[in-house]
Amino acid sequence: MGKIKWLIPLSLGILFMLVATIEVKKMSKPTEREKQVAFLRAHEAEMTEYVKSQNAKIQSVEYEWDSVRVDDIGNGTPMGAGKLFTINGRFNDIEESNFILSFGVDDKKMPELDTIRLLSSLYVEGRIYE
């Protein structure tokens, strides 16, 4: 009987440690969104080069990393036309500037750099930047 008294708390303690270890491992894995942002950050120079190529007056580009999204795009059919990856940004240190970059999405929900496009024009205060 004395062995059972200490065996139960010991078993519960070991079980608790095992569950806690498994949960910590799950928490330490990056989320899908974190992987996407990390991918974009690794390719920031290529993205910036593309934005600058759209207008010779663009000197600098800043990205809004928290704006990263993957959305379904429609074409009028129930299946839709696939997925579109977007990120917002600003340029030339102008607070009121904005643009949206879009990318196709691969099977792993990661952006495909060879499909990079401006989803919107380059704007400053709601007007197209020329």
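What you see is a predicted model; the values in this text were computed from it and never measured. (Residues numbered from 1 in each chain as written. Predicted model: local features only at pLDDT ≥ 70, side-chain atom pairs only at ≥ 80, totals over all residues. Heavy atoms only, no water.)

Chemist: Any chance you could explain a nonpolar patch on the surface here in plain terms?
Modeler: A contiguous nonpolar surface patch, about 560 Å² in accessible area, is contributed by I8, L12, L15, L18, V19 and I22. When you line up the elements, L12 lands in helix 1 (residues 2–28). The exposure class assigned to L12 is exposed, which follows from its relative accessible area of 54%. (Patch = residues over 30% accessible without salt bridge, like charges linked within 9 Å, V, L, I, M, F, W, Y side chains within 5 Å. Areas by Shrake-Rupley, 256 points an atom, 1.4 Å probe, with all protein chains shown as cover. Salt bridge = Lys/Arg side-chain N within 4 Å of Asp/Glu carboxyl O. Helix = DSSP H or I, 4+ residues; strand = E, 2+ residues; numbered from the N terminus. Buried < 20%, exposed > 50% of the residue type's maximum accessible area, 1.4 Å probe, protein only.)

Chemist: Even after reading the chapter, I still don't get helix 3 (residues 44–53), so can you show me in this structure?
Modeler: Each full turn of the α-helix corresponds to 3.6 residues, which orients residues three or four apart in the same direction. Those residues of helix 3 not exposed but buried are M47, T48, Y50 and V51. Buried residues of helix 3 fall within an arc of 160° about the axis and therefore sit on the same side. For helix 3, exposure combined with an orientation more than 90 degrees from the buried face picks out A45, E49 and S53. In the core, the buried residues of helix 3 are packed alongside helix 2 (32–42), strand 1 (61–73), strand 2 (82–91), strand 3 (97–105) and strand 4 (111–118). (Arc of directions from axis to C-beta. Contact = heavy atoms within 4.5 Å.)

Chemist: Got a minute to help me understand the environment of G89 in this structure?
Modeler: Residue placement: G89 occurs in strand 2. Measuring from C-alpha to C-alpha, the distance between G89 and E64 comes to 5.4 Å, with 25 residues separating the pair along the chain.

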